[in-house]
Amino acid sequence: MAARVVTLKVPEATLAERIYLVEIVKGLARTLSHFLKNLSNIKGLPTIQYPEMLRKYSGRFRGRHILKTREDGTLKCVACYMCETACPAECIRIEAGEHPVLAYEKYPTVFEIDLLRCVYCGYCVDACPKDAIWMTKDYELSFFDRKSGVLGIPELTEKPSDTAAGGPGYGYRPYEGESPMRKAGQFEPSGLPLLPALLERGVAINRMPPPPPPKPAPPPAASPGPSV
Ligand code: SF4
Ligand code: SF4
């Protein structure tokens, strides 16, 4: 089959276009009209005047981490290493110690996150069985040296300023965006009750269907009679 040749016809520039001067004036007039239009409507500009203005981010924003505490002020973290294992950037370092309160068993004597290696994926939040690590909407992270990018327990422990008005507020955290009933730890929308031991976490009972009854054994094969 013969190939079809397509010729593109480029329109010739007019005399005014070849002089360029007219086009330059047209371009400047367009720029000036936008400038004057924006000047008369500064508040309506889509540009965010950072840092005076801050963009509003969703509750799933993945910013700086915080370590949650119990009512008695101790860290919820039980130093299980799940977050450290799940972290793809290998930027979490934990050392476990024996907790003075027997019921808590273990706690982190060292808990460090290298924010300069972190990729803010939120896997640590997903992996934590105790909801001990959340993320905030704090993205104003700047450091003068690498060492100050490594946050330890004092910096990571949640502070009132994290959630106060004007503070960054909570970002990505367990069950963000899920049903209010599940958040309240009462019942699943399906009506399934929750295991009492897991109420703190709001995990629903995983009701697997009962295993099928064992199949009856096949009858023994009839032995062949004596041959005649
Ligand atoms: S957000 Fe991701 S990369 Fe950062 S500490 Fe958590 S698991 Fe690691
Ligand atoms: S997964 Fe949770 S409880 Fe386990 S070490 Fe990490 S923060 Fe602590």
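These lines cover the structure that appears in this document, whether it is placed above or below.

Cut-off values and rules
- Residues numbered from 1 in each chain as written.
- Chains lettered and ligands numbered in written order.
- Predicted model: local features only at pLDDT ≥ 70, side-chain atom pairs only at ≥ 80, totals over all residues.
- Heavy atoms only, no water.
- Helix = DSSP H or I, 4+ residues; strand = E, 2+ residues; numbered from the N terminus.
- Contact = heavy atoms within 4.5 Å.
- Areas by Shrake-Rupley, 256 points an atom, 1.4 Å probe, with all protein chains shown as cover.
- Near = heavy atom within 4 Å.
- Nonpolar A, V, L, I, M, F, W, Y, C, P; charged D, E, K, R; others polar.
- Core = buried A, V, L, I, M, F, W, Y, C linked by side-chain atoms within 4.5 Å.
- Buried < 20%, exposed > 50% of the residue type's maximum accessible area, 1.4 Å probe, protein only.
- Pairing = 2+ DSSP bridges.

## Let's talk about the overall build of the protein chain
Helix and strand counts for the protein chain stand at seven helices and five strands. Reading the protein chain from its N end, one meets helices and strands in the order α-α-β-α-β-β-α-β-β-α-α-α. For the protein chain, restricting intrachain contacts to residue pairs at least 6 apart in sequence, the fraction spanning at least 24 positions comes to 64%. Surface exposure of the protein chain reaches about 17100 Å², of which carbon and sulfur atoms provide 61%.

## Points about the environment of Ser142
Relative to the helices and strands, Ser142 is located in the loop between strand 4 (133–135) and strand 5 (150–151). In this structure, the C-alpha to C-alpha distance between Ser142 and Leu115, residues 27 residues apart in sequence, is 9.8 Å.

## A closer look at the site of ligand 2
In the vicinity of ligand 2, the contacting residues are Cys77, Val78, Ala79, Cys80, Tyr81, Met82, Cys83, Ile94, Phe111, Cys128, Pro129 and Ile133. Its residues placed into classes, the shell around ligand 2 shows twelve nonpolar, no polar and no charged.

## Looking at the nonpolar core
Residues Ile92, Phe111, Ile113 and Ile133 are the most contacted members of the largest nonpolar core, which totals 24 residues. When residues of this core are traced back to their parent elements, those giving at least two are strand 2 (92–98), strand 3 (106–114), helix 4 (123–127), strand 4 and helix 5 (153–156). Dropping the residues within four chain positions of it, Ile113 is found in contact with His65, Cys91, Ile92, Ile133, Gly149, Val150, Leu151 and Leu156.

## A few points about the sheet that holds strand 3
Ordered by their spatial adjacency, three strands build an open sheet running 2-3-5, and the pairing between neighbours is antiparallel. Of all the strands in the sheet, the pair left with one neighbour each is strand 2 and strand 5. Both strand 2 and strand 3 contribute to a ladder of seven bridges, which runs antiparallel. Looking at strand 3, one finds that Gly97 is bridged to Tyr107.

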